[in-house]
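Working through the structure, step by step
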Amino acid sequence: MREEMGNGFLHHGVATPVSNHRGTAATVDGDGRNVVLLWLYDHRGCYALLQIDAGTGESLEVPVPFDPGGDCPFASILSTRNRFYTHFNSHFCEYDPAAREFTFHHRTVPQMAMGMTEDDDGRIWLASYPDSGVACFDPAVRAFRDYGHVYHQNWRQYQRTVAADDSGWIYFAVGNTSSQIVALEPDGGEARPLLAEEERHQGSAHVYRDEDGRVYGQARAGDEANWLRLYRGEAEAIGRHEDRRPKAIIAGSQGLFHRDFPDGAKLLVCDTVEKRMVVEDASGSRSEMSFEYTSEGAHIMGLAAAPDGTICGGTAFPMRFFRYDPAGDEWTNRESFGQWNTVRATADRFFVGGYGGGFLLEWDPARDWVDTEKGDESGNPRWWTQCSPAINRPHCLLATADGRRVVLGGTPGYGYTGGGLLIWDRAAKEGKLLEHTELVPEQAPHSLVELPGGQVLVGMTVAPGTGGEQKAERAEMAIVDLEEGAVTWRGVVLEGVSSYTDMSRGPDGLVLGFADSARMFAFDPGARQVVQELDVEAQLGRTCGQQGPRVFVTGPAGERFALLRRGVAEIVDEGEGPDRFGIRMRAESPVPIGPGGDHLDGRVYFGSGSHVYSWGVSG
């Protein structure tokens, strides 16, 4: 499987060579045969529509009619006219299973639909992230209208539910920083929020269309005591709403899985990993079949050298564990518990900080793999704890040199601002979670490095949780005493920084780091000041990146390597003076370096898209 790439680089293959669905619907084709439609997603984005014959497993893969740009569906709808619609990368599209082709597509304002619906006249509506764009397609006359962005906030909005009343007014629910319901009059395009500021809540609102022709909504999804009746652009508070009769509309999020064929058969399983489908007919008889499709593989979140001499990590969509054995040039791929955002190894363990929920796992590669279950001590990897909403997307993970503690940090849950830091005591099997108010208010940990005396240096980010509001302007650093679980110092050390991308211990007690993937610096923790700064972006380009970036790699002879998008660079120590540290490119990579990596047996491993590569240090 190894492939020589030149300049010391090797290609080792695709970590997870399968795709994920982003919406699946059971329906019929033009001959009345049962078919399954699903949006195929790999590291490139949603690249095709897969149509599978539910009787034979024969499949047709139809490329999307525009560049996916790494984007993918977060909502789709199967219409009453039997067309499958979605909207992503600022493009709306229609797929016709009878024609077996895309029959319409149109560019829109950015970016992707979070909710879609069909009105009583058969028109398809969408509301889009991040700035509440609205668009409408009338399939009867093939007319498309882009209303543009109709509701503005200073944070990225999610519009998970959309509904139309029988007068034609459109309503969509907004989250997650502060809920809202927006009504839009379809002819003139006037849009207006229906919730007063004091009625809004952290989280998302909710709307649905009822059989009575009205739309019903909640200012906070799940609040059963406070329903609103929405009609002709007006909202009426009605308290509890027990007699709910939702209109049947086949629409949903990226997890849409519509099982029911028109003839009463059901789609029980459609597994893109195993390429396996199970269909139950109206009499209860089941048939199983396989299907095929092409894939360039799921994107890699991060990788590290495990204690057993292999390269391990996780991929997203689907969420999988991978293990590459360089000695045998062999791959292992398994279902993982969640998304392995950031990984870190010690002499005998492999730790994982994962999304969602900010969970912590510990894996012992010397023992047999046992699928992880939350709260089950027999799992290997073992689930220890989770930290949501303080940590939802981990960005940094550290195991202390004495083996006693694991420290995990990251950005918070959807709609929140300010992330937490978990200090996990392995012997006591318990941890302390510091909220952002105890660290740096309205900021989140993004990088970590261990300091002498049981302390860690934390590099923060001003980025909020997904869909949250940025409230801080300048990222700070903080020093945390692990025994006390408290901040002993914090401050701004570099102006104009949004995130401290990654940090590593340097010589003479200094810390080396990168800020905003562009600026390299040397920081003196004792003096609490930056002693040198370099504009690496201007010289060599930006660093690699991912939610857990792993920019720094230590070489076999103690070399300090930094993984840049362009290649592997080495940080040079001149020993003294204000310009002590330099950086030079050691090897231009034949592919863009994405998720950062690790050193193993004289080679630096890294990810690019769905692929794993390495570079020989002596090459």
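A brief structural summary. (Residues numbered from 1 in each chain as written. Predicted model: local features only at pLDDT ≥ 70, side-chain atom pairs only at ≥ 80, totals over all residues. Heavy atoms only, no water.)

**Some words on the overall build of the chain**
Quick note on the threshold: Helix and strand assignments follow DSSP, with helices taken as H or I runs no shorter than four residues and strands as E runs no shorter than two, numbered in order from the N terminus. Within these notes, the globule rule equals 2.2 Å times the number of residues to the 0.38 power, and the radius of gyration is based on C-alpha atoms. Residue contacts are defined here by distance: any two heavy atoms, one from each residue, within 4.5 Å place the two residues in contact. For the accessible areas, the method is Shrake-Rupley and the probe is 1.4 Å, while residue cover comes only from the protein chains on display. Two residue types count as positive, namely Lys and Arg, and two as negative, namely Asp and Glu; His and chain ends fall outside the count. Taken as the charge location is NZ of Lys, CZ of Arg, CG of Asp or CD of Glu.
In terms of helices and strands, the chain carries one helix and 54 strands. For a compact globule of 619 residues, the expected C-alpha radius of gyration is about 25 Å, and the chain comes in at 26 Å, within 12% of that figure. Projected onto its principal axes, the C-alpha positions of the chain cover 75 × 55 × 50 Å. Restricting the contact set of the chain to residue pairs at least 6 apart, pairs at least 24 apart contribute 49%. Of the roughly 23,600 Å² of accessible surface on the chain, a fraction of 43% belongs to carbon and sulfur atoms. One way to put it: in the chain the 58 positive side-chain charges average out to a point 1 Å from where the 89 negative ones average out.

**Side note on the layout of surface pockets**
Counted only if it meets this: Note on definitions: the grid is 1 Å and covers protein atoms alone; a cavity is a set of points where a 1.4 Å probe fits but cannot get out; a pocket is an open set with protein on both sides within 12 Å along at least five of seven lines; lining residues have an atom within 4 Å of a point. Grid points are joined across faces, edges and corners, and a volume is the space filled by probe spheres set on the points. Residue type decides the class: Asp, Glu, Lys and Arg count as charged, Ala, Val, Leu, Ile, Met, Phe, Trp, Tyr, Cys and Pro as nonpolar, and the leftover types, Gly among them, as polar.
Size it by volume and the largest pocket reaches roughly 1,400 Å³. Along the wall of the largest pocket there are 50 residues; nearest its centre are Tyr129, Arg156, Arg393, Thr466 and Gln547. Those elements that provide at least two residues to the lining of the largest pocket are strand 11 (112-118), strand 28 (299-305) and strand 36 (393-399). When residues of the lining of the largest pocket are assigned to their parent elements, the largest contribution, three residues, is made by strand 28. Class assignment for the residues of the lining of the largest pocket results in 19 nonpolar, 25 polar and six charged. Here the second largest pocket defines a volume of roughly 830 Å³. Breaking the lining of the second largest pocket down by element, the ones donating at least two residues are strand 28, strand 32 (339-345), strand 36, strand 40 (444-451), strand 44 (500-505), strand 48 (552-554) and strand 52 (598-600). Here the residues of the lining of the second largest pocket are counted per class, giving 15 nonpolar, 13 polar and eight charged.

**Here we look at the sheet that holds strand 54 (residues 611-616)**
We apply this condition: Any two strands between which DSSP finds at least two bridges are classified as paired. Every axis corresponds to a line fitted to the C-alpha atoms, with the helix fit spanning only the stretch in contact, and the corresponding angles, defined between N-to-C directions, vary from 0 to 180 degrees.
Spatially, 1-2-54-53-52 is the arrangement adopted by the five strands of the open sheet, whose pairing is antiparallel. A single partner strand is all that each edge strand has here, and the edge strands are strand 1 (3-6) and strand 52. Across the sheet, the mean angle from the axis of one strand to that of its neighbour is 35°, orientation sign disregarded. With six bridges connecting them, strand 53 (residues 603-608) and strand 54 associate as antiparallel partners. In the sheet register, Ser608 faces strand 54, and the bridge partner there is His611.

**Here we look at the packing of aromatic side chains**
Spelled out, the test is: When two rings of Phe, Tyr or Trp (its six-membered ring) have centres within 6.5 Å they constitute a pair, described as stacked for plane angles under 30 degrees, edge-to-face for angles over 60, and tilted for the intermediate range. Any Lys NZ or Arg CZ found within 6 Å of a ring centre and within 35 degrees of that ring's normal is scored as a charge over the ring.
All told, the structure shown has 34 aromatic pairs when counted by the stated rule. When the ring of Tyr500 is compared with that of Phe521, the centres are 5.6 Å apart and the planes differ by 85°; the resulting orientation is edge-to-face. Taken as a pair, Tyr500 in strand 44 and Phe521 in strand 46 (residues 519-524) lie far apart in primary sequence, 21 residues in all. Three or more aromatic residues link up through ring pairs in this structure, and these residues are Tyr85, Phe92, Phe104, Phe137 and Phe144. A cation sits over an aromatic face here: Arg22 above Phe74, 4.6 Å from the ring centre. Just above the ring of Phe317 sits the side chain of Arg22; from NZ or CZ to the centre is 5.0 Å.

**A short note on the sheet that holds strand 31 (residues 330-335)**
Taken together, four strands build an open sheet; the order of strands is 28-29-30-31 and the sheet is antiparallel. Two strands close off the open sheet at either side, each with one partner strand: strand 28 and strand 31. The sheet shows a mean angle of 20° between the axes of neighbouring strands, taken without regard to direction. Here strand 30 (residues 320-325) runs beside strand 31; their pairing, made up of six bridges, is antiparallel. Each bridged residue has a counterpart across the sheet, and for Arg323 the counterpart in strand 31 is Thr332.

**Brief notes about the pattern of salt bridges**
To keep it simple, the criterion reads: Whenever Lys or Arg places a side-chain nitrogen within 4 Å of a carboxyl oxygen from Asp or Glu, that contact is recorded as a salt bridge. Summary of the burial criterion: residues with accessible area below 20% of their type's maximum are buried, those above 50% are exposed, and those between are partly exposed, where the area comes from a 1.4 Å probe applied to protein chains only.
A complete count under the given rule lists 37 salt bridges for this structure. With a closest N to O distance of 3.3 Å, Arg44 and Glu296 form a salt bridge. Remark: Glu296 occurs in the loop between strand 27 (286-290) and strand 28 and Arg44 occurs in the loop between strand 4 (34-42) and strand 5 (45-53); sequence separation between them is 252 residues. Look at Arg44 and you get partly exposed, because its relative accessible area is 27%. Given the relative accessible area of 35%, Glu296 is considered partly exposed. With a closest N to O distance of 3.1 Å, Arg229 and Glu236 form a salt bridge. Given a relative accessible area of 28%, Arg229 falls into the partly exposed group. On the basis of relative accessible area, Glu236 is assigned to the partly exposed category, the value being 42%. One salt-bridge network, held together by shared partners, links Asp348, Arg349, Glu362, Asp364 and Arg426.

**Some words on the nonpolar core**
Spelled out, the test is: Here, nonpolar core means buried Ala, Val, Leu, Ile, Met, Phe, Trp, Tyr and Cys residues that are tied together by side-chain atoms lying within 4.5 Å of each other.
In terms of nonpolar packing, the biggest core is built from 30 residues, with Phe514, Leu563, Ile571, Ile583 and Trp615 touching the most fellow members. Of all hydrophobic cores here, the second largest spans 23 residues; its members include Phe74, Phe102, Met114 and Leu256.

**Focus on the pairing of strand 33 (residues 350-355)**
For strand 33, the buried fraction is high: six of the six residues fall into the buried class. Side chains Phe350, Val352 and Gly354 project from strand 33 onto one buried face, and the interleaved Phe351, Gly353 and Tyr355 project onto a second face that is buried too. As judged from the six bridges shared by strand 32 and strand 33, these two strands associate in the antiparallel manner. By the bridge assignment, Ala345 is partnered in strand 33 with Phe350. Where strand 32 hands over to strand 33, the hairpin turn is made up of four residues, counted between the paired strands.

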